[in-house]
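Summary of structural features
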Amino acid sequence: MPDRLRPRARVAVFVSGAGTNMAALLYASRLPGVPYEIALVASNDPGADALDLAAGEGLPTFALAHRGMTRAEHDRAMGDAAKEAGADYIVLAGYMRILTPEFVARWQGRVLNIHPSLLPAYPGLDTHARAIAAGDRAGGCSVHLVTDELDSGEVLGQLAVAISPEDTAEALAARVKLAEHQLYPRVLADYVSRPYRADWLLAEVRSRAMALDEVEEKESHGAPGWKLAGKSGKFFAYFSDFHHGGSNIALLVKTSGADEQEAVIARDSDRVFSPPYYGSGGWIGIVLDRPGLDWEQVEYWLARSWRAVAPRRLSRLLDAAEEF
Ligand code: GRF
């Protein structure tokens, strides 16, 4: 899908304090070509300066003090507010609350945080003082995915900031903030763009295709494809990055034949098409680089297509399993 046609990802920013990272994210989002927009700024502190800044910039805001609520109730209300604002991602920017596992599961892979150290060094608080006390030559900041464990999800990007011999924690913190303001918008923009990038989509498809029994990957006509292992093993899927004409990244899989191919395409013609050169064998192309791609549908078709070419010995096992 060409960049200009992609909808921008909608982001809810959770804050508790000054909101300088929120401001950096916001102003970056107003530059041309940035693939996200701020849909909501939400806080557990109705007095947070970040809320005034956001309101002054015309952003929707939401505030809910956590006192008197359980952690689960508060998290749920914050998540509901983000959902109502149409957010696809939640970005923590100085949000001083630990999120419940339920919240993290609900938004799995869609919550980012920024932390003022070069993780895995110094999770938690007082990062700058600890880096100086340890005699480190650099501190810095990290953007990471949020998981159940504090400050330990996959690191998506980092910037180092040199520590000088006479540095204080305050002076270092101020420079790290400058670095944070550069890092966060860039990492967020890259992250929300991943579902449209061929290398990321290929890796996702590959791990699912290779999880099926006795599969190997082979290039075919310049495209990565997956086949049953062995000399006579047939292809059941190809990854296709069409550069000519319609610019789609697609997964090609096999239906049971021409009738099903036609029916599936008729039912879902925006997302499924008859691939050039493959159409006659009942193949369909499923467009991958689009918003809201359903990975379960991708898995379903990979398995169906695998089964169409798998020897009886293998597909029988699957048939038996399905009878229970
Ligand atoms: C930043 O230092 C960030 O790394 C940490 O909280 C602070 C938030 O600052 N998670 P601000 O509210 O964005 O100015």
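Everything here concerns the structure above.
Residues numbered from 1 in each chain as written. Predicted model: local features only at pLDDT ≥ 70, side-chain atom pairs only at ≥ 80, totals over all residues. Heavy atoms only, no water.

For the rest of this paragraph, the subject is the pattern of salt bridges. If you walk through the whole model with that rule in mind, you get 14 salt bridges. Across the pair R10 and E37 runs a salt bridge, and its minimum N-O distance is 3.6 Å. Taken together, the residues span a long stretch of sequence, with R10 in strand 1 (residues 9-15) and E37 in strand 2 (residues 36-43) at a distance of 27 residues. Judged by its relative accessible area of 31%, R10 is partly exposed. The partner of E217 in a salt bridge is R206, and the shortest N-O contact between them spans 2.7 Å. Placement of the pair is E217 in strand 8 (residues 215-220) and R206 in helix 7 (residues 198-210), with a sequence separation of eleven residues. With a relative accessible area of 30%, E217 lands in the partly exposed category. Three or more residues are tied together by salt bridges with common partners; here these are R8, R10 and E37. (Salt bridge = Lys/Arg side-chain N within 4 Å of Asp/Glu carboxyl O. Helix = DSSP H or I, 4+ residues; strand = E, 2+ residues; numbered from the N terminus. Buried < 20%, exposed > 50% of the residue type's maximum accessible area, 1.4 Å probe, protein only.)

Let us now look at the packing of aromatic side chains. Across all of its chains, the model carries eight aromatic pairs by this definition. With centroids separated by 6.2 Å and ring planes inclined at 50°, the aromatic side chains of F14 and F103 adopt a geometry described as tilted. Of this pair, F14 sits in strand 1 while F103 sits in helix 4 (residues 101-106), and the two are 89 residues apart along the sequence. F103 matches F14 in its accessibility class, with the two residues each being buried. Every member of this aromatic cluster is reached through a ring pair, and the members are F14, Y95, F103 and W107. For the cation-ring pair, K83 lies above W107, with the distance from its terminal atom to the ring centre recorded as 4.1 Å. (Phe/Tyr/Trp six-rings, centres within 6.5 Å; stacked < 30°, edge-to-face > 60°. Lys NZ or Arg CZ within 6 Å of the ring centre and 35° of its normal.)

As a further point, take the site of the ligand. If you check the shell around the ligand, you find A18, G19, T20, N21, G94, I114, H115, P116, K177 and E180 and nothing else. For the ligand, an oxygen atom lies 2.5 Å from a polar atom in the side chain of T20. Relative to its free-state accessible area of 370 Å², the ligand is covered by the protein chains to the extent of 84%. Cavity membership is defined here by more than half of the atoms lying within 2 Å of grid points; on that basis the ligand lies in the largest pocket. Contributing elements (two or more residues each) for the shell around the ligand: helix 1 (20-29), strand 5 (111-115) and helix 6 (169-193). In terms of residue class, the shell around the ligand is made up of three nonpolar, five polar and two charged. (Near = heavy atom within 4 Å. Polar contact = N/O pair within 3.5 Å; in protein donor to acceptor, adjacent residues only side chain to side chain. Areas by Shrake-Rupley, 256 points an atom, 1.4 Å probe, with all protein chains shown as cover. 1 Å grid on protein atoms, 1.4 Å probe; cavity = no way out; pocket = protein on both sides within 12 Å on 5 of 7 lines; lining within 4 Å. Sits in = over half its atoms within 2 Å of the grid points. Nonpolar A, V, L, I, M, F, W, Y, C, P; charged D, E, K, R; others polar.)

Next up on the list: the nonpolar core. Within soluble globular proteins, side chains that are nonpolar tend to cluster in buried spots. If you look at the biggest cluster of nonpolar residues, it comprises 39 residues, and the most contacted ones within it are Y36, I38, V41, Y184 and L188. Breaking this core down by element, the ones donating at least two residues are strand 1, helix 1, strand 2, helix 2 (49-56), strand 4 (89-92), strand 5, strand 6 (138-145) and helix 6. Considering every element that reaches this core, the biggest residue donor is helix 6, with ten residues. Once you skip the residues sitting within four places of it in the chain, L188 turns out to touch V11, L25, Y36, V91 and L112. The next biggest cluster of nonpolar side chains, apart from the first, holds 30 residues, and it includes A209, F239, I284 and L288. (Core = buried A, V, L, I, M, F, W, Y, C linked by side-chain atoms within 4.5 Å. Contact = heavy atoms within 4.5 Å.)

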